[in-house]
Amino acid sequence: MASLSALKFTVRRKPAVLLAPAAPRPRELKPLSDIDDQDGLRFLIANIFFFQRRHSGRDVDDPVPVLRDAIATALVHYYPLAGRLRELEGKKLAVDCTGEGVLFVEADADDVRLEQFGARPPFPGVDELLFDLPGSNEILHAPLLHFQVTRLACGGFVLAFKIHHTMVDGQGVVQFMEAVAELARGAAVPTVRPVWGRELLMAPCNDTAPLRFAHREFDDLPAPDTERPAMVHRSFFFGPTEAAAVRSHLPPALRRVASTFDVLMGFLWRCRTAALAPPDKDEMRLLFTTSVRGKKNQSGGDPFIPIGYYGNSFATPAAISTAGELRAKPVGYAVDLVRKARREVDVEYLRSVAALMVRRGRPQLALAHAYLVSDVSKAGFDGIDVGWGKPVYGGPMRCSLDTTPVVCSFLTPAKNTIGEEGIILPVCLPPPAMDKFVEEMSNLLRPYEHVKAQPNNISPVIKAAL
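In short, a report on the structure. (Residues numbered from 1 in each chain as written. Predicted model: local features only at pLDDT ≥ 70, side-chain atom pairs only at ≥ 80, totals over all residues. Heavy atoms only, no water.)

## Thoughts on the packing of aromatic side chains
As enumerated under the stated definition, the model contains 17 aromatic pairs in all. Relative to Phe-437, the ring of Phe-236 has its centre 5.6 Å away and its plane inclined at 50 degrees; by these criteria the two rings are tilted. Placement of Phe-236 in strand β10 (residues 232-238) and of Phe-437 in helix α10 (residues 431-444) is noted, with a sequence separation of 201 residues between them. The exposure class of Phe-437 is buried, given its relative accessible area of 0%. A network of ring pairs unites the aromatic residues Phe-49, Phe-51, Phe-147, Phe-157, Phe-161, Phe-381 and Trp-388 as a single cluster. One cation-aromatic arrangement involves Arg-198 over Tyr-310; the distance from NZ or CZ to the ring centre is 5.0 Å. (Phe/Tyr/Trp six-rings, centres within 6.5 Å; stacked < 30°, edge-to-face > 60°. Helix = DSSP H or I, 4+ residues; strand = E, 2+ residues; numbered from the N terminus. Buried < 20%, exposed > 50% of the residue type's maximum accessible area, 1.4 Å probe, protein only. Lys NZ or Arg CZ within 6 Å of the ring centre and 35° of its normal.)

As structure tokens, this is what we get:
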């Protein structure tokens, strides 16, 4: 892959057009849920797919008309996405189903080939592959989706788009894009029928019952300082070998019950805190998204979130510790904090978040000394096939963000050089801190028994992970 600054290419774009649903749809005003319209989700999320050339033997094999028609047809079923957001009393968001459509841009880059972008983030030149049109980042009274399809010199192409997070979560994005993919491959209708159902996560009117959860993720704290030093971005592979190595450092009881996610998050949080070296007294926060899809009410029955629901259905719990304790205590301390925060999230927890949003005027997450991680490795981005086979990469356009109020990482699926399946862990840190981060990783990626036997050796595991 070319370095982020070395790869230069030119993109020629045609004027943006509005794609309306391919058939008339009802004009409705649909309120969003009290999870959807929280202030922390009022932004656009960008995703990108790299597809290889299709060897079909056809004279015309242009993805643009295929995708343009598939999107317009998908909007017949997902017609709220063709509308515009409005803000009602009390900062409540609703989508006005106007049918005006979504932005679509056709583009060509004749001087760059697919393989020059590489197969894992960070990718060079992504701003050219999803160009910001005037007004396309607005929240209210603006298109909710913006697509750009860029044909490449090799016959491959890039499909990039951004969508309002208030309308969908990661699973919702994949569900909509799978509908587009099925239609692009010739299906008459999507397999999964979309479900609006936002009333499921509306707080009851005039509910004054005490909240059952502390919700430390919404502590009232000063806003973080958004001025940061220059950052470097790197990606690391975390697979079964790495997970086993870190797990070997845990106490036996925790080793048996901690999930791979708990292990990865505790490992990442501790290494990052040690690398940044904040004062011991600083309260560090690890925020991570946790979905309730598949979970049931306490009374049992069917899963609370129905199949086909494409709205937001996750909470963002917080694991909290002082920096001094995170550094001084074994990694099992951080893993256990993550596990406890994750296990607290269920249907009642998410309902409690909805009630808190209404009572406290939709507060922002507490972002002081925070690090936010969103795991989309199992969402299904890598399986989207629009008729050209599965993408070389599909998922968030930027997997580590340092321009937002909180530094954020998105975990995506990948394979290493020997074919092991795992997760790509994107990290952005100031250069000296990145060196320290790698050193901390090296220590924890040596199995515990190996550390005791050979404390000064650098493990081959870290060499495979970098």
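## A word on unusual backbone geometry
Cis geometry is found at the peptide bond from Pro-121 to Pro-122, where omega equals 0 degrees. Position of Pro-122 among the secondary structure elements: in the loop between β7 (102-109) and α2 (126-129). Backbone geometry places His-369, a non-glycine residue, at a positive phi of 55 degrees. Tracing the chain through its elements places His-369 in the loop between α9 (347-359) and β17 (370-375).

## Quick notes on the environment of Ala-368
Position of Ala-368 among the secondary structure elements: in the loop between α9 and β17. Taking the C-alpha atoms as reference points, Ala-368 and Gly-389, separated by 21 residues in sequence, lie 43 Å from one another. With residues near it in sequence (within four places) discarded, Ala-368 still touches Leu-221, Pro-222, Pro-224, Glu-283 and Arg-285. (Contact = heavy atoms within 4.5 Å.)

These figures capture arrangement, not role.
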